[in-house]
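Each chain, written out:
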Amino acid sequence: MARADRRDSVRLDAPKGLRTPFVPRWQGRDRFGRFTEAIARGMGTPWFLLVLSIFVAAWMTYNSLAEANDWWRFDSQALGFTVLTLILSLQASYAAPLILLAQNRQDDRDRVQIEQDRQRAERNLADTEYLAREVVALRLAIKDMATKDFIRAELRSLLEELDADREESRER
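So, here's what we can say about the structure.

Basis of the calculations
- Residues numbered from 1 in each chain as written.
- Predicted model: local features only at pLDDT ≥ 70, side-chain atom pairs only at ≥ 80, totals over all residues.
- Heavy atoms only, no water.
- Helix = DSSP H or I, 4+ residues; strand = E, 2+ residues; numbered from the N terminus.
- Buried < 20%, exposed > 50% of the residue type's maximum accessible area, 1.4 Å probe, protein only.
- Contact = heavy atoms within 4.5 Å.
- Areas by Shrake-Rupley, 256 points an atom, 1.4 Å probe, with all protein chains shown as cover.
- Polar contact = N/O pair within 3.5 Å; in protein donor to acceptor, adjacent residues only side chain to side chain.
- Salt bridge = Lys/Arg side-chain N within 4 Å of Asp/Glu carboxyl O.
- Patch = residues over 30% accessible without salt bridge, like charges linked within 9 Å, V, L, I, M, F, W, Y side chains within 5 Å.
- Lys, Arg positive; Asp, Glu negative; His and termini not counted.
- Charge placed at Lys NZ, Arg CZ, Asp CG, Glu CD.

This next bit is on the overall build of the chain. Of the regular secondary structure elements, the chain holds 5 helices and 0 strands. Across the 172 residues in the chain, those meeting the buried criterion constitute 9%. A separation threshold of at least 6 residues defines the contact pool for the chain, and within that pool the share at least 24 residues apart is 50%. Looking at the chain as shown, the accessible area adds up to about 15,400 Å², and 62% of this sits on carbon and sulfur atoms.

On to the side chain of Arg-105. Inspection of the secondary structure assignment puts Arg-105 in helix H4 (residues 82–144). For Arg-105, the side chain forms a polar contact with the main-chain oxygen of Gly-33, separated by 3.3 Å. Residue contacts for Arg-105: discarding those within four places in its chain leaves Asp-30, Gly-33, Arg-34, Thr-36 and Glu-37.

The full count for this structure, using the stated rule, is 7 salt bridges. Measuring nitrogen to oxygen at the nearest pair gives 2.2 Å for the salt bridge that ties Arg-105 to Asp-30. Of this pair, Arg-105 sits in helix H4 while Asp-30 is found in the loop between helix H1 (2–8) and helix H2 (31–43), placing the two residues 75 residues apart along the sequence. A relative accessible area of 36% means that Asp-30 is categorised as partly exposed. Taking the shortest distance from any N to any O, the salt bridge between Glu-115 and Arg-118 comes out at 2.3 Å. Separated by 3 residues within a single helix, Glu-115 and Arg-118 lie in helix H4, roughly one turn from each other. Within this structure, Asp-30, Glu-37, Arg-105 and Arg-109 form a network of salt bridges that share partners.

The grouping of Glu-160, Glu-161, Asp-163, Asp-165, Glu-167, Glu-168 and Glu-171 at the surface amounts to a negative patch. Residue position: Asp-163 is located in helix H5 (residues 148–171).

What follows is the structure, given as structure tokens:
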């Protein structure tokens, strides 16, 4: 019963409109986009270049050193390693569009981020201008306010006037 209560409870870690049931990562609308980014990210590593270089070197070494009549030899050095060339061409023909798709997705994310940054900057500018106006208004209000020194001077002058009035009334 406790498990059912936990599932039915309201989640407070997401806005109400964004609460969706769990969808596995491999499902969804953007599965191919994530796949292309993973491929592009993998091809951009030194490990990929190292493994590809080792593969090509092993391929060329094996097919160069194997005997000509050996049926295990599958690519001829005399023909310029045609099968290896085809494999690398096929890999390049798929790699380039996948990398371009990944770059386009990154450009889209960058464009959205730039727009959000622009909106945030506009809000910050508006807030700063508002606060500057408020500070100016406070400064003007403070200038109109009576300070301690002003009040003391006014009280002294009033006391002097009262003392002068008392002396005049005593003299009469």
